[in-house]
Amino acid sequence: MEYYLLLCLQKRRDRSLEASANGEPASRVEATSTTEDISVPKDLDLIALPQLCFPGGLQLSTEQRDDSYHFLVFTDLFGNRTHGVVVQYYRAIQDSGAQNGHRWNSSKSRLYAPFAICIISKFPYYNALRDCLSCLLVQLRPGRLADFEETVKEFSAKLSLVPMPPPGQLHVSFNLRPLQVVLPSREDQDRPVIDIDLHLPLLCFTHETLLQVLSCLLQEQRLVFFSADWARLTLVAESLLLYLQPLCWQQPYVPVLARGMLDFIMAPTALLMGCHISHFEEVATEDLILVNIDDSNIQTSCSENAELPTIPLAAAESFISRAECLQLHYDLELCHLGAGTDTNELRFHRRAWQRNLNSQIQNITLELVVNIFRGVQDFLNYEHRVFNSEEFLRTREPADQPFYKKVLDTHIFHSFLRDRLSRKLDAFSRMELNTRNHSPQKAVKVFRLPEFPPPLAYHYVQNYYSDMVASLGKAINATPPDDSALLARYHYLRGLVNTVSNRRLDALEDFQSLYKTDSDIFPSQMVKSLVDSLPDPERVQADRRPELKRLISRVKRDQERERARHGNEQEEGVVKRFELPKKYMQLEEFVKCVQESGIVKDQGTIHRLFDALTVGHQKQVGPDLFRVFYTIWKETEAEAQEVCLPASVSEHIEPSECVFKVSSSVKTSRGVGKIAMTQRRLFLLTDGRPGYVEVAQYRDIEEVKVSSAPFLLLRIPSLKLRVRGRKDAFEANLKTETELWNLMVKEMWAGRNMADQHKDPQYMQQALTNALLMDAVVGSLQSNKAIYAASKLAHFDRIKTEVPMMVPKTTAETLKHKINPSLELTAPQAVDVLLYTPGTHTDTHSQLWVSVSGGKVMVFDASSWSLTHTCLQVGNARVNCMLGVDQDQVWMGSEDSVIYIISMVAMVCNRQLTEHRAEVTGLAVGTDNQKVGYSCSAEGSVMVWDVATLQVNLLMRRSIVEKQMDMSSRSYVCADSAEVCVWHLKDTTRPYHRVALQDCAGCHCIIKVKNQVWVGGVGRSSTKGKIYILDTERHLVLKELHGHNDRVTSLCSAEDRYVLSGAAKHDGKIAIWKVE
């Protein structure tokens, strides 16, 4: 771990010391820093360090003063922060002096000079480094001043031997005497180190004031904190910034301003700074938000009552209700305990209490951030990296909109959006999915370092490293194999120690073990440097070890990928706001614009919309036309949200139904009123006293046509519907709206029929989108060709007319439901692999894992078939196979020869098996022993794995067939042909059976379910997907199922009750079939 220990000393001056009559110093003595021969970061400016070590000025004292600590934060030009802990203490001045020409005796009037020692670290270990300085003072007080430098050098050398713990549940402790100092680890890779008492702001501020301060930070106001305690300034500011995680403050940040640095506050930008309370009147002249920590007060420099946009009400109320339940006083925990005699034991209990409280506060503040920004992802276009801020604002409560308008323009929110668009799976993403984090706090292990060597010579330091490696080896051997997370942390530490002690090959072996058990904390840059530094003899030895050779080749491959990605980093970091076009758009530009606007993502629908808007003129859409179309679309959306139905009407429709379109008031065969369209039905809102008259549910419609009704001597256009079970037709005199309603109702009717026949509710949603687009097109064109243009969007009605929609009876009876994993994508993606995992005692819901192109994996709740995890990225290559292992893992074999292991609890991929040399083609688990796993790859190797240790127990070679499924007495094999071959495993000399598959151009997947074998393939005549169900006893085809528009690429069984099938990219859907 890197520390920089700097000394700021009171330096002797030749000039005489001036003292006031009462013994207090009347002048301040300039401080200098003794930084010679001390290695410090090049980007750390030390010019201001003496001022920061004595922020109130350097003063002599006539009496001994208590030691005092305060904390510093340094920020470089790139926003990188380093952290400092300063201790001030006083020593007596031994020399006599003179005042106004008179000599005085030091024994009668002794003076004390302040000394300051500062430790600077890359990481915010405030409590740990304060403990270290406390131990140093114990050594310095009884010593002579002549020994001062040597004592400090030895102290800093000891700190340089301490490794920083990796992210996770393993902390590191070391003995500095008299204290045992603990370095806590980060909770995970995305979170910062927290070595601070997070409840301090809750003690300093009321909940309402605290929320006001957080609101100002989110709006990037110009804030200055005040306190009479220098330490309190940094601790409170750091805690508040941690409350906002994962949002990160990116503006100027100086939590402690010395007396000579107050001009920093004049910077014309957002800022966060801290001053002593004595400077309040001097600073309050600027346009600032002034926060008095000591008095729990916030005000502007212009007014004592700060009128600023506040945190949204619902989020604020939830925060306050949860914060009121916190137990913030440690003394209440001690009421039942006796007086402790072991200092380190008392400190251990205090740290455990604080860690638990910090965890609770983190959950509460993270929930606050989630509640403030919940739903942001609904207004993101990931493909084009666009955020539709206007639409997001429309969904916020009117009283909260001033707050959001300010926040949306800040750097802190821009950085947050960049992470959302990159689909970063951080604490915010996980909590938003789960609403509230109920997972139990992970138990923490503390690894105690050996005692520091007395003389810090090279030989003794090497022995110290050897002792640490031995201790870590014992810890690894004592850790159960199933505790892979803890094992990974031990391997990390041992690899780190082996690296600094020049045991390079041993370090690489540890990092290889780490990569297999938790790749999230794999130190890529360190391993790269280690590989580059290998001497030729060690490089030859590494090449002889297969494990190390694979690690080295992987490091090189990752370097090449990193260089390839480097050119795209700038583009990936861009966040754009949606803007209406300013020039004419061809088809490609139009598609991009519509997707960015959030109207619709499907490219096929956008192409039809383009055709509709360009009817009768050149194939390009002008900016004026698009603006009118966009405005009408958004107004229609807003009107639908504002429709308020009386209770007498609402009781007739389902809670999930919404009114999307309402006609003008017209005369109908069932009375006068407005026709309302929902996603399920048409009904009449009668005039006068509002009433409900059902017109038809879409599935009950038998005929829709344009007619005319007599009115005096005229015929008025009307819409006529015939409904199943009703003798009389429904007729509405819609006049000029007739043609549009005719198109919309026909599309909804056709969509409902397709949804019912194919058991796919997405057809109904798509039909609704088409109908609303028709309405917007007619409104924007306002010409005699408007209806013809809108008919271009009648997609399902056209399919109904041109292509028979009847689904074969066998298919209709067996098909239960369909889901579309490509719903949020711009185009359908092939379903490569499906896996069903049953629920466990920790996760009550069963899950469906779906792999699509490029290593993307989606997870559905198998009880509701709703999407729970949008996109887990598993490498960049196609996933060939998946396997549920040990009830809490999913193994995924990839084309890149890696087996990726995903934790079903954390939903992260942090372990990888890299022993295969070619693409992984199959995975299995032992039937008798679930702790044994099997994998095979394209070059013919089969590996047997110990699931607990992830070690290869056996390596075999065999020939690989394309698809195989073994049973107790028979093996069923299918290749890219129109037949299935059946072998007798107990008697291989017996001839095998061939089962011919009618009208089949090839088989692509096969599974056994009960006493049946299901085979997925593609038809020869129609090139559509087909599923063949075979009887295992008679070797006959029982059923042929037609449920996909492209070949069936994957099959899986859900507890033998259902079979799920996935299709190639021209279909891209998943069908759920009942098993008889």
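Conventions used here
Residues numbered from 1 in each chain as written. Predicted model: local features only at pLDDT ≥ 70, side-chain atom pairs only at ≥ 80, totals over all residues. Heavy atoms only, no water. Helix = DSSP H or I, 4+ residues; strand = E, 2+ residues; numbered from the N terminus. Buried < 20%, exposed > 50% of the residue type's maximum accessible area, 1.4 Å probe, protein only. Contact = heavy atoms within 4.5 Å. Areas by Shrake-Rupley, 256 points an atom, 1.4 Å probe, with all protein chains shown as cover. Pairing = 2+ DSSP bridges. Core = buried A, V, L, I, M, F, W, Y, C linked by side-chain atoms within 4.5 Å. Phe/Tyr/Trp six-rings, centres within 6.5 Å; stacked < 30°, edge-to-face > 60°. UniProt positions renumbered as here; feature names shortened; annotations may be inferred. Axes fitted to C-alpha atoms, helices over the stretch in contact; angles between N-to-C directions. Expected span 1.5 Å × (residues − 1). Parallel < 35°, antiparallel > 145°, perpendicular 65-115°, else oblique. Nonpolar A, V, L, I, M, F, W, Y, C, P; charged D, E, K, R; others polar.

1. As for the overall build of the protein chain
No. 1: Within the protein chain, the regular secondary structure consists of 29 helices and 50 strands.
No. 2: The buried share of the protein chain, taken over its 1076 residues, is 53%.
No. 3: Long-range contacts, defined as pairs at least 24 residues apart, comprise 57% of the intrachain contacts of the protein chain with a sequence gap of at least 6.
No. 4: Accessible surface, the protein chain as shown: approximately 50,800 Å² in total, 49% of it carbon and sulfur.

2. A few points about the sheet that holds strand β18 (residues 576–577)
No. 1: Strand order in the open sheet formed by three strands is β15-β16-β18, with mixed pairing between adjacent strands. A single partner strand is all that each edge strand has here, and the edge strands are β15 (380–381) and β18.
No. 2: Of the pairings in the sheet, the one linking strand β16 (residues 386–387) to β18 comprises two bridges and is parallel in character. What sits directly across from V386, in β18, is K576.

3. Side note on the nonpolar core
The tendency in soluble globular proteins is for nonpolar side chains to be buried as a group.
No. 1: In this structure, F174, L217, F225 and F373 are the most contacted members of the largest nonpolar core, which totals 155 residues.
No. 2: Not counting chain neighbours up to four residues away, the residues in contact with F225 comprise V213, L233, V236, A237, L240, L272, M273, G274, C275, V291 and I293.
No. 3: Counting residues in each nonpolar core, the second largest holds 66 residues, with V615, V693, A786 and F796 among its members.

4. Some words on the packing of aromatic side chains
No. 1: Summed over all chains, the structure comprises 27 aromatic pairs.
No. 2: Ring centres 4.9 Å apart and planes at 85 degrees place the aromatic pair F416 and F428 in the edge-to-face group. With F416 in helix α12 (residues 411–421) and F428 in helix α13 (residues 427–434), this pair connects stretches of sequence that are 12 residues apart.
No. 3: By relative accessible area, which is 2% here, F416 ends up buried.
No. 4: Summarising the aromatic geometry, the rings of F447 and Y490 are spaced 6.3 Å apart at their centres and angled 75 degrees between planes, so their arrangement reads as edge-to-face.

5. Here we look at the UniProt feature "repeat: WD" (unreviewed entry) in the protein chain
No. 1: Annotation from UniProt places "repeat: WD" (unreviewed entry) at residues 1041–1076.
No. 2: Counted over residues 1041–1076, helix gives 0% and strand 61%. Its end C-alpha atoms are 14 Å apart.

6. Focus on the sheet that holds strand β46 (residues 1025–1031)
No. 1: One open sheet holds the four strands; their spatial order is β44-β45-β46-β47, and the pairing between them is antiparallel. Both outer strands of the open sheet, β44 (1000–1009) and β47 (1037–1044), are each paired with one neighbouring strand and no more. Along the sheet, successive strands turn relative to each other by an average axial angle of 25 degrees, direction set aside.

7. Brief notes about the side chain of S227
No. 1: Looking at the secondary structure, you find S227 in strand β10 (residues 222–227).
No. 2: Those residues in contact with S227 that sit more than four places away from it in its chain are R232, L233, C275, H276, I277, I293 and D294.

8. Considering the environment of R715
No. 1: The residue R715 is located in strand β25 (residues 714–723) in this model.
No. 2: Between the C-alpha atoms of R715 and N733, which are 18 residues apart in sequence, the distance is 9.9 Å.
No. 3: Setting aside chain neighbours within four positions, we find R715 in contact with S708, A709 and P710.

9. Examining helix α15 (residues 484–500)
No. 1: Its 17 residues place the ends of α15 25 Å apart at the C-alpha level, agreeing with the 24 Å of an ideal helix rising 1.5 Å per residue.
No. 2: Where burial is concerned, most of α15 is hidden: 14 out of the 17 residues are buried.
No. 3: Of the residues one or two after α15, N502 is the one with positive phi, at around 65 degrees.

10. Focus: the pairing of strand β35 (residues 909–913)
No. 1: Taken across its five residues, β35 has four buried, putting it largely inside the fold.
No. 2: Strand direction decides the pairing type here: strand β34 (residues 899–903) and β35, joined by four bridges, are antiparallel. Its bridge partner lying in β35, Y900 is registered against Q912.
No. 3: Between β34 and β35, which follow one another and run antiparallel, lie five residues, and M907 among them has a positive phi close to 55 degrees.

11. Quick word on the packing of helix α5 (residues 207–218) against helix α6 (residues 230–243)
No. 1: Interhelical geometry of α5 versus α6 gives an angle of 75 degrees and a closest axis separation of 11 Å. It follows that α5 is roughly perpendicular to α6 by the angle criterion. Where α5 abuts α6, its residues L210, V213, L214 and L217 lie against L240, L241 and Y243.
No. 2: Considered class by class, the residues forming the contact of α5 with α6 number seven nonpolar, no polar and no charged.

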